[in-house]
Amino acid sequence: QAVCGLETIGVHKDDVQGKMLMLAVFLLGLLPMTSGFGGLDLDKVLLFPTQTNYSYVKITPVKPLSLTAFTLCMRVATELQGKREVILFAYRTPYFDELNVWIESDGRISFYLSGDGVFFNLPPLSTFRTHLCFTWSSSTGLAAAWVNGQRSIYRIYRKGHTIRPNGIVVLGQDPDSFLGDFDAEQSFVGEITDVNLWDEVLTAKDIKGLYSHNTLVYMPNVIHWRGAEFDKYGIVEEVKDYI
Amino acid sequence: QAVCGLETIGVHKDDVQGKMLMLAVFLLGLLPMTSGFGGLDLDKVLLFPTQTNYSYVKITPVKPLSLTAFTLCMRVATELQGKREVILFAYRTPYFDELNVWIESDGRISFYLSGDGVFFNLPPLSTFRTHLCFTWSSSTGLAAAWVNGQRSIYRIYRKGHTIRPNGIVVLGQDPDSFLGDFDAEQSFVGEITDVNLWDEVLTAKDIKGLYSHNTLVYMPNVIHWRGAEFDKYGIVEEVKDYI
Amino acid sequence: QAVCGLETIGVHKDDVQGKMLMLAVFLLGLLPMTSGFGGLDLDKVLLFPTQTNYSYVKITPVKPLSLTAFTLCMRVATELQGKREVILFAYRTPYFDELNVWIESDGRISFYLSGDGVFFNLPPLSTFRTHLCFTWSSSTGLAAAWVNGQRSIYRIYRKGHTIRPNGIVVLGQDPDSFLGDFDAEQSFVGEITDVNLWDEVLTAKDIKGLYSHNTLVYMPNVIHWRGAEFDKYGIVEEVKDYI
């Protein structure tokens, strides 16, 4: 009797349709994922139209930011690149800037885990949206920035460090005290959306998928943009958007 | 009885399912080849995080570098482009720089086969990885650089020359003597991977394939990154990577 | 007994297999066309490796260049863009530059039909090959440059003019007399191939096809690169090339 491979699939009489279904499912699995979890939905975009020292948004995280690794992503558009410092993300506990992301005045992008930062030479942000991610792991110290799915050169940064919990997450301003002392010259002006935070380092493939199809292979388990509660202060518009 | 092969699929009464399977097999054949010989495996990336005069990696070649033609490829990311000289690859015998690849301080990329070099005006390297190849043939003198699968203008260079065997292959530093006299201001800072060397000139199609799918149509027969032994000195991190 | 192969598809009563075959043909139609008329053949590339006032190539046209319309195409790579004037194509009768194509010292590309030229602001040429075409019609005066299949803005130029026959076609140098008075500072340095000339204005679709697949929908009836006779003088290398 015939040995040999694939033929054993075709044996029984009428489970044909079952196999057709399996095949269809299999073939579907080969298609590029354009939907996935929330892929094509409308979603909210925060617009900070003007420079102020009082407009900001407080985000309530899913769980405390006690982190020894993270992936932080966002889509951001700003015309301020290279003109002055611009705050992109701030997480602050009473006495420390725990996880702050900046555009530096020289155009580099950086993040700071209490103390000196780590700097990346990336293509300039612009009026068009850029997908930015930052990854860091305490165990290896490997830190990277990701622009539209492409990874920068790794830096070795803050090996062994832990980000402290029970702070406040703010978009639009850099709080120099627990929630105040804002500087208009560091405020964010532009659009920001899809700010998600995981407590682990996602793979290159997952980050490419986030950029290309907005697929969330792993639910963001620290900040989840789609479900997050926002408290808006000052001049911030919430606009809807087609991805 | 049936001989193994696709025909066994089409045997039974209403062989619809056989055809579906054949269709599936056929459709699979249309998918872009991302595997091939080593395509999707994890592979090692060398990270030189900081400028030093003591960090380097010695690679043991498969066979001596007695060459009258070559293809040398690598994937490289560096933010130093155009700021100073940067060594990308060094193969040195006791008295000669046999095959050295440089970023020049004016941003051009060059290679040197003992003596004056040959220079290419290429798009700048960046924090994102660029696939670089260099080809040269003693019989024609044709020398070229390849960026992400695209060839530069040919140069005529060192017709009749032979690269001498029994030297040392070094990444990260330029040895001004057999294995020493390193200059931090010429050291490599960044990431480098997929350094492969053949003793012949690959075709344009093969080089495009290397860039796009990481397919090694011809096994690298002089330096084979995947199998090579590395001796690491100083501050060099080996990180894993998904292509 | 069954012989292995695809033939089992085409046998049986119901026309399942017919539909499968149609599907297969349909799917094949979705594959990118890489062949076409001459698509994958080797072809000659002229390499002018250094600046001289004596290296050039004379091309014998298929018929005299008595033209009231034309499409002139070429693939060209040069690193001289924007550094000095560079001649790309010269057709001269005893007293006139009948059809000369230039890179100007300010980086613009131009052509001249005896007298003042017409100028185009195009992306810079580089060490990688650019597909360039120029079209002009005496009846409308419409002149355009085409870069990798994309048309520039039209200019109105030399309405009613006729290009005179019985001159000489030269690559590499600009003849200031019938065939002499070459200036090294205007010579071509780089690679040039696929120089074809028609006595009519090709459609946008045809020009895109030329760029993408190297398909010659209409045989070039004035200069036909593939069949043309070349007389080479000075330092000019003829290298083979895979498109």
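Cut-offs applied
By convention here, each chain's residues receive numbers from 1 onward along its written sequence. Lettering of chains starts at A and numbering of ligands starts at 1, both following the order in which they are written. Given that this is a predicted model, residues contribute local features only at a pLDDT of at least 70 and side-chain atom pairs are listed and counted only at 80 or more, while totals for whole chains, interfaces and linings are drawn from all residues. Only hydrogens and water are removed before side-chain values are computed, so all heavy atoms of the structure are retained for them. A 1.4 Å probe that fits into a set of points on a 1 Å grid over the protein atoms alone but cannot get out defines a cavity; an open set with protein on both sides within 12 Å along at least five of seven lines defines a pocket, and lining residues are those with an atom within 4 Å of a point. Grid points are joined across faces, edges and corners, and a volume is the space filled by probe spheres set on the points. The way it works is that DSSP assigns letters per residue, a run of H or I at least four long becomes a helix, a run of E at least two long becomes a strand, and they are numbered from the N terminus. Charged residues are taken to be Asp, Glu, Lys and Arg, nonpolar residues to be Ala, Val, Leu, Ile, Met, Phe, Trp, Tyr, Cys and Pro, and polar residues to be all remaining types, Gly included. By the convention used here, strands pair only if DSSP detects at least 2 bridges between them. The axes used here are C-alpha line fits, helices contributing only the stretch in contact, and every angle between their N-to-C directions lies in the interval 0 to 180 degrees. The term disulfide is used for any two cysteine sulfur atoms that are within 2.5 Å. Under the scheme applied here, a residue whose accessible area is under 20% of the maximum for its type counts as buried, over 50% as exposed, and between as partly exposed, the area being computed with a 1.4 Å probe on protein chains only. Any pair of N or O atoms that falls within 3.5 Å is considered a polar contact. Within protein, one atom must be able to donate a hydrogen and the other to accept it, and sequence-neighbouring residues count only if both atoms are side-chain atoms. Contacts: residue pairs with any heavy atoms within 4.5 Å of one another. Residues qualify for a patch when their relative accessible area is over 30% and they have no salt bridge, like charges being joined within 9 Å and the nonpolar side chains of Val, Leu, Ile, Met, Phe, Trp and Tyr within 5 Å. Shrake-Rupley sampling with a 1.4 Å probe provides the accessible areas, and residues are treated as covered by the protein chains on show and by no other component. We count a salt bridge whenever a side-chain nitrogen from Lys or Arg sits within 4 Å of a carboxyl oxygen from Asp or Glu. Confidence scores per residue from the predictor, reported as pLDDT, run from 0 to 100. To pair, rings of Phe, Tyr and Trp, with the six-membered ring standing in for Trp, must have centres within 6.5 Å; the planes then decide the type, stacked if under 30 degrees apart, edge-to-face if over 60, and tilted in the middle. Two thresholds decide whether a charge sits over a ring: the Lys NZ or Arg CZ must be within 6 Å of the ring centre and within 35 degrees of the ring normal.

Trainee: Explain empty space enclosed by the protein to me, and be specific about the residues and the numbers.
Mentor: All names here are of chain B. All told, the structure shown has six cavities of 30 Å³ or more when counted by the stated rule. Of the voids in this model, the largest cavity is the one considered here, and its volume is about 100 Å³. Those elements that place two or more of their residues in the lining of the largest cavity are strand 3 (69-77) and strand 13 (190-198). Take the lining of the largest cavity: its biggest share by element is three residues, from strand 13. Taken together, the residues of the lining of the largest cavity sort by class into five nonpolar, four polar and four charged.

Trainee: Any details on the sheet that holds strand 6 (residues 109-112) of chain C? Residues and values, ideally.
Mentor: All names here are of chain C. Taken in spatial order, the seven strands make up an open sheet running 7-6-5-4-12-2-14, and their pairing is antiparallel. Of all the strands in the sheet, the pair left with one neighbour each is strand 7 (117-120) and strand 14 (230-233). Averaged over all neighbouring strand pairs, the angle between strand axes comes to 15°, with direction disregarded. The pairing of strand 6 with strand 7 spans four bridges and is classified as antiparallel. Opposite phenylalanine 111, over in strand 7, you have valine 118 as the bridge partner.

Trainee: I'd love a proper account of the state of the cysteines, names of residues and values included.
Mentor: Two cysteines whose sulfur atoms are joined by a covalent bond form what is called a disulfide. Residue and element names in this part refer to chain C. All chains considered together, the criterion is met by three disulfides over all chains. There is a disulfide in this structure between cysteine 73 and cysteine 133, and the S-S distance comes to 2.1 Å. In this structure, the disulfide formed by cysteine 73 and cysteine 133 twists by about 110° around the S-S bond and is classed as right-handed. One end of the pair, cysteine 73, is in strand 3 (residues 69-77); the other, cysteine 133, is in strand 8 (residues 130-137), and 60 residues separate them in sequence. For the pair shown, cysteine 73 and cysteine 133 are each scored as buried.

Trainee: Lay out the side chain of threonine 78 of chain A with the relevant residues and their values.
Mentor: Residue and element names in this part refer to chain A. Positionally, threonine 78 belongs in the loop between strand 3 (69-77) and strand 4 (86-93). Engagement of the side chain of threonine 78 in a polar contact is seen with the backbone nitrogen of leucine 80, the distance being 3.1 Å. Only 2.8 Å separates the side chain of threonine 78 from the backbone oxygen of valine 189, close enough to count as a polar contact. In contact with threonine 78, other than residues within four places in its own chain, are Ile103, Leu125, Ser126, Thr127, Phe188 and Val189.

Trainee: Give a detailed account of helix 2 (residues 204-213) of chain B, specifying residues and quantitative values.
Mentor: All of the buried residues along helix 2 of chain B are Ala204, Asp206, Ile207, Gly209 and Leu210 of chain B. Residue asparagine 214 of chain B follows helix 2 of chain B closely and has a positive phi angle near 60°.

Trainee: Pulling in residues and values, what's your account of the pairing of strand 12 (residues 168-171) of chain B?
Mentor: Residue and element names in this part refer to chain B. Of the two faces of strand 12, the one holding Ile168 and Val170 and the one holding Val169 and Leu171 are both buried throughout. Bridging between strand 2 (residues 56-59) and strand 12 involves three bridges; their strand directions are antiparallel. By the bridge assignment for strand 12, isoleucine 59 is matched with valine 169. Two elements, strand 4 (residues 86-93) and strand 12, share three bridges in a ladder whose sense is antiparallel. By the bridge assignment for strand 12, arginine 92 is matched with isoleucine 168.

Trainee: Which residues make up the environment of glutamate 185 of chain C, and what are the values?
Mentor: Residue and element names in this part refer to chain C. With respect to the element layout, glutamate 185 can be found in the loop between strand 12 (168-171) and strand 13 (190-198). For the pair glutamate 185 and lysine 63, spaced 122 residues apart in sequence, the C-alpha separation works out to 31 Å. Beyond its immediate stretch of four places on either side in the chain, glutamate 185 contacts Gln51, Arg84 and Glu85. Within the structure, the side chain of glutamate 185 is placed 2.8 Å from the side chain of glutamine 51, a separation counted as a polar contact.

Trainee: For a nonpolar patch on the surface, give the residues involved together with the corresponding values.
Mentor: Residues Leu142, Tyr154 and Ile156 of chain C make up a contiguous nonpolar surface patch of roughly 280 Å² in combined accessible area. By secondary structure assignment, the location of isoleucine 156 of chain C is in strand 11 (residues 155-156).

Trainee: Go over the confidence of the model for chain A, please, and point to the residues and values.
Mentor: All names here are of chain A. Overall, the prediction assigns chain A a mean pLDDT of 84, with 81% of residues at 70 or greater. When the criterion is pLDDT under 50, residues 1-16 qualifies, and its contacts beyond four places in sequence or with other chains add up to 19 contacts. Confidence drops under a pLDDT of 50 for residues 18-41, and excluding neighbours within four residues, the segment shows 29 contacts in the predicted structure.

Trainee: Which residues make up the packing of aromatic side chains, and what values go with them?
Mentor: Tallying each qualifying case throughout the model produces 30 aromatic pairs over all chains. Ring geometry for phenylalanine 48 of chain A against phenylalanine 188 of chain A: centres 5.6 Å apart, planes inclined by 85°, an arrangement best described as edge-to-face. Of this pair, phenylalanine 48 of chain A sits in strand 1 (residues 42-48) while phenylalanine 188 of chain A sits in the loop between strand 12 (168-171) and strand 13 (190-198), placing them 140 residues apart in sequence. For phenylalanine 48 of chain A, a relative accessible area of 2% gives the class buried. Given the relative accessible area of 2%, phenylalanine 188 of chain A is considered buried. Consider the rings of phenylalanine 111 of chain C and phenylalanine 120 of chain C, whose centres lie 6.2 Å apart with planes at 25°: the pair is stacked. Comparing phenylalanine 111 of chain C with phenylalanine 120 of chain C, the two get one shared label, buried. An aromatic cluster is defined as three or more aromatic residues linked by ring pairs; in this entry it consists of Phe70, Phe111, Phe120, Phe134, Trp136 and Tyr157 of chain A. The ring of tyrosine 154 of chain A carries arginine 151 of chain A above its face, with NZ or CZ at 3.8 Å from the centroid. Sitting over the ring of phenylalanine 230 of chain B, lysine 44 of chain B keeps its end group 5.1 Å from the ring centre.

Trainee: Talk me through the sheet that holds strand 7 (residues 117-120) of chain B; I want residue IDs and the actual numbers.
Mentor: All names here are of chain B. Pairing is antiparallel across the open sheet formed by seven strands, whose spatial order is 7-6-5-4-12-2-14. Two strands bound the open sheet, and with one partner strand each, they are strand 7 and strand 14 (230-233). Taking each pair of neighbouring strands and ignoring which way they run, the sheet shows an average axis angle of 15°. Examined bridge by bridge, strand 5 (residues 96-103) and strand 6 (residues 109-112) share four bridges and lie antiparallel to one another. By the bridge assignment, asparagine 100 is partnered in strand 6 with tyrosine 112.

Trainee: Kindly report on the pairing of strand 9 (residues 142-147) of chain B, identifying the contributing residues and their values.
Mentor: Residues and elements named next belong to chain B. Within strand 9, six of the six residues are buried, which leaves the element mostly enclosed by the surrounding structure. By the alternation rule, side chains of strand 9 split into Leu142, Ala144 and Trp146 and Ala143, Ala145 and Val147, which are all buried. Bridging between strand 8 (residues 130-137) and strand 9 involves five bridges; their strand directions are antiparallel. The residue of strand 9 that forms the bridge with threonine 135 is alanine 144. In textbook terms, the turn of a hairpin is the stretch between consecutive antiparallel strands, and for strand 8 and strand 9 this stretch comprises four residues, one of which, glycine 141, has a positive phi near 75°. Note: strand 9 against strand 11 (residues 155-156), two bridges, orientation antiparallel. Considered in strand 11, the bridge of alanine 143 is made with arginine 155.

Trainee: Describe in detail unusual backbone geometry, supporting the description with residues and values.
Mentor: If you check the backbone angles, serine 114 of chain A has positive phi at about 40° while not being a glycine. By the secondary structure assignment, serine 114 of chain A is in the loop between strand 6 (109-112) and strand 7 (117-120). A positive phi angle, close to 50°, is found at asparagine 148 of chain B, a residue other than glycine. With respect to the helices and strands, asparagine 148 of chain B occurs in the loop between strand 9 and strand 10 (150-151). Overall, asparagine 148 of chain B belongs to the partly exposed group, its relative accessible area being 29%.

Trainee: Requested: an account of the pattern of salt bridges, with residues and values cited.
Mentor: All names here are of chain A. Inspection of every chain in the model, using the stated rule, returns 25 salt bridges over all chains. Notably, a salt bridge pairs glutamate 98 with arginine 164, separated by 2.6 Å at the nearest N-O pair. Taken as a pair, glutamate 98 in strand 5 (residues 96-103) and arginine 164 in the loop between strand 11 (155-156) and strand 12 lie far apart in primary sequence, 66 residues in all. Take glutamate 98: its relative accessible area is 0%, and that puts it in the buried class. Of the residues examined, arginine 164 reaches a relative accessible area of 32% and is grouped as partly exposed.

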